[in-house]
Amino acid sequence: MIAHVTALPLVVGHRGASGHRPEHTLASYRLAARMGADIIEPDLVSTQDGVLVARHENEIAGTTDVASHPEFADRHCTKVVGGREVTGWFTEDFTLAELRTLRAVERCPDLRPDNTRYDGLWAVPTLDEICALVHHESRRAGRRIGIYPETKHPSYFASIGLPLEGTMLEVLARHRLDGPGGRAYLQSFEEGNLRELAGRTESPLVQLLGADAEVDVARVATYAQVLGVHKSLVTPGLVAEAHAAGLAVHAWTLRAELVPDPYAEVRELLDAGVDGLFSDQPGLTVQARSEWLSLQERTG
């Protein structure tokens, strides 16, 4: 069997159950676990004092109520992050204590207006808290739930003296979620970041590739164990090539609001042979996977 190809295709709660609750909140992660997700997925950035927290980006104007806090008005600035000029407020300019005075809001209110009713209810969670939640929900459900952290802009954070990798590995180790027997997949868009991690952990590494990326399966197989591709790149041929190179394939991201038949989308990707699915509505994807598996059993 190919390493990290599981008995069942994995369902990853993308930023938790972000189709139902504001993303990257403990409530979103908890709901994903209770909907049956196998793994929950936080994006990690750093505070000024080196604590890893979960936000979609280090710029937080769209994911917190920071703009309504006059005491932080002087933190508003423009930076170059990931080769792009970005204006707003940034996690690395806040201590954890300061960041804790903010509250999370829905990042995509036009797409998910129902989620806005939860604006202001929850704080920005730390990686420590997310790991504790993983253990709590695993005990509650009587099954092993995993964690699938993404280091966001790791080169940028290293350049400002706040490298993400060591802190992430330290927290995962403290919660016994690292290593070959752990339940962590470590993902990044940056190859250099993954190559560095390859020498420091036995947890499976995931090379993320966007819709416009060129896929070099042989190259990725030299340092990673999983190909994490935009769903538009998935074909049976790509999956077969990846499997032949020893790579599992995880596809992202399923968003039920954006397709006419989300169940059909799941079936199509599973028919192509993918080993994991990132989903904003993990309950729907778990149900669609179950129906697909039942069909496979009936048709032999």
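Look above for the structure.
The present account deals with the structure reproduced in this document. (Residues numbered from 1 in each chain as written. Predicted model: local features only at pLDDT ≥ 70, side-chain atom pairs only at ≥ 80, totals over all residues. Heavy atoms only, no water.)

**Observations regarding helix 8 (residues 236-244)**
- Burial in helix 8 covers these residues: Leu-238, Val-239 and Ala-242. Relative to the axis of helix 8, the buried residues are bounded by an arc of 100° and lie together on one face. Exposed residues on helix 8 whose side chains face more than 90 degrees from its buried face are Pro-236 and Ala-244.
- Those residues of helix 8 hidden inside the fold are in contact with helix 7 (217-220), strand 11 (226-230) and strand 12 (248-254).
- Positive phi appears at Gly-246, one or two residues downstream of helix 8, with a value of about 90°. (Buried < 20%, exposed > 50% of the residue type's maximum accessible area, 1.4 Å probe, protein only. Helix = DSSP H or I, 4+ residues; strand = E, 2+ residues; numbered from the N terminus. Arc of directions from axis to C-beta. Contact = heavy atoms within 4.5 Å.)

**Points about unusual backbone geometry**
- Between Trp-252 and Thr-253 the backbone carries a cis peptide bond, its omega angle lying at -20°.
- With respect to the helices and strands, Thr-253 occurs in strand 12.
- Positive phi is not limited to glycine here, since His-153 has a value of about 50°.
- Within the secondary structure, His-153 sits in the loop between strand 8 (150-151) and helix 4 (154-159).
- The backbone phi angle of Arg-176 is positive, close to 60°, even though this residue is not glycine.
- Within the secondary structure layout, Arg-176 lies in the loop between helix 5 (165-174) and strand 9 (186-188).

**Remarks on the packing of helix 9 (residues 262-271) against helix 10 (residues 282-299)**
- At a minimum axis separation of 9 Å, helix 9 and helix 10 run at an interaxial angle of 55°. The pairing of helix 9 with helix 10 is recorded here as oblique in orientation. Note that helix 9 runs across helix 10; the crossing there is right-handed. Residues Pro-262, Tyr-263, Val-266, Arg-267, Leu-270 and Asp-271 of helix 9 lie in contact with helix 10, whose contacting residues are Leu-284, Thr-285, Gln-287, Ala-288, Arg-289, Glu-291, Trp-292 and Gln-296. (Axes fitted to C-alpha atoms, helices over the stretch in contact; angles between N-to-C directions. Parallel < 35°, antiparallel > 145°, perpendicular 65-115°, else oblique. Left-handed = near helix turned anticlockwise from the far one by under 90°.)

**A word on the layout of surface pockets**
- Each pocket or cavity is described by its volume, and for the largest pocket that value is around 380 Å³.
- If you trace the largest pocket, you find 21 residues lining it, with Arg-15, Glu-57, Glu-150, Lys-152 and Phe-189 closest to the centre.
- Grouping the constituent residues of the lining of the largest pocket by class yields five nonpolar, eight polar and eight charged.
- Estimated volume of the second largest pocket: approximately 290 Å³.
- As for the second largest pocket, its lining consists of 16 residues, of which Leu-10, Arg-144, Gly-182, Arg-183 and Tyr-185 are closest to the centre.
- Looking at the lining of the second largest pocket residue by residue, the classes come out as seven nonpolar, five polar and four charged. (1 Å grid on protein atoms, 1.4 Å probe; cavity = no way out; pocket = protein on both sides within 12 Å on 5 of 7 lines; lining within 4 Å. Points joined across faces, edges and corners; volume = space filled by probe spheres on them. Nonpolar A, V, L, I, M, F, W, Y, C, P; charged D, E, K, R; others polar.)

**Let's talk about the environment of Trp-292**
- With respect to the helices, strands and loops of the structure, Trp-292 is situated in helix 10.
- The class for Trp-292 is buried, based on a relative accessible area of 13%.
- Here the alpha-carbon distance between Trp-292 and Leu-52, two residues 240 residues apart in the chain, equals 37 Å.
- Every residue in contact with Trp-292, bar those within four places of it in the chain, is listed here: Pro-9, Arg-267, Leu-270 and Asp-271.
- A polar contact is formed between the side chain of Trp-292 and the side chain of Asp-271, at a distance of 2.8 Å. (Polar contact = N/O pair within 3.5 Å; in protein donor to acceptor, adjacent residues only side chain to side chain.)

**Quick look at the pairing of strand 11**
- Buried residues dominate strand 11, accounting for four of its five residues.
- Pairing between strand 10 (residues 205-209) and strand 11: four bridges, direction parallel. Looking at the pairing, Leu-208 lines up with Gly-228 of strand 11.
- Direction of pairing for strand 11 relative to strand 12: parallel, over a ladder of five bridges. If you follow Val-229 over to strand 12, its bridge partner there is Ala-251.
- For the segment spanning strand 11, helix 8 and strand 12, crossover handedness is right-handed. (Pairing = 2+ DSSP bridges. Right-handed = clockwise from strand over helix to strand, strands pointing away.)

Bear in mind that shape data such as this cannot, by itself, settle questions of function.
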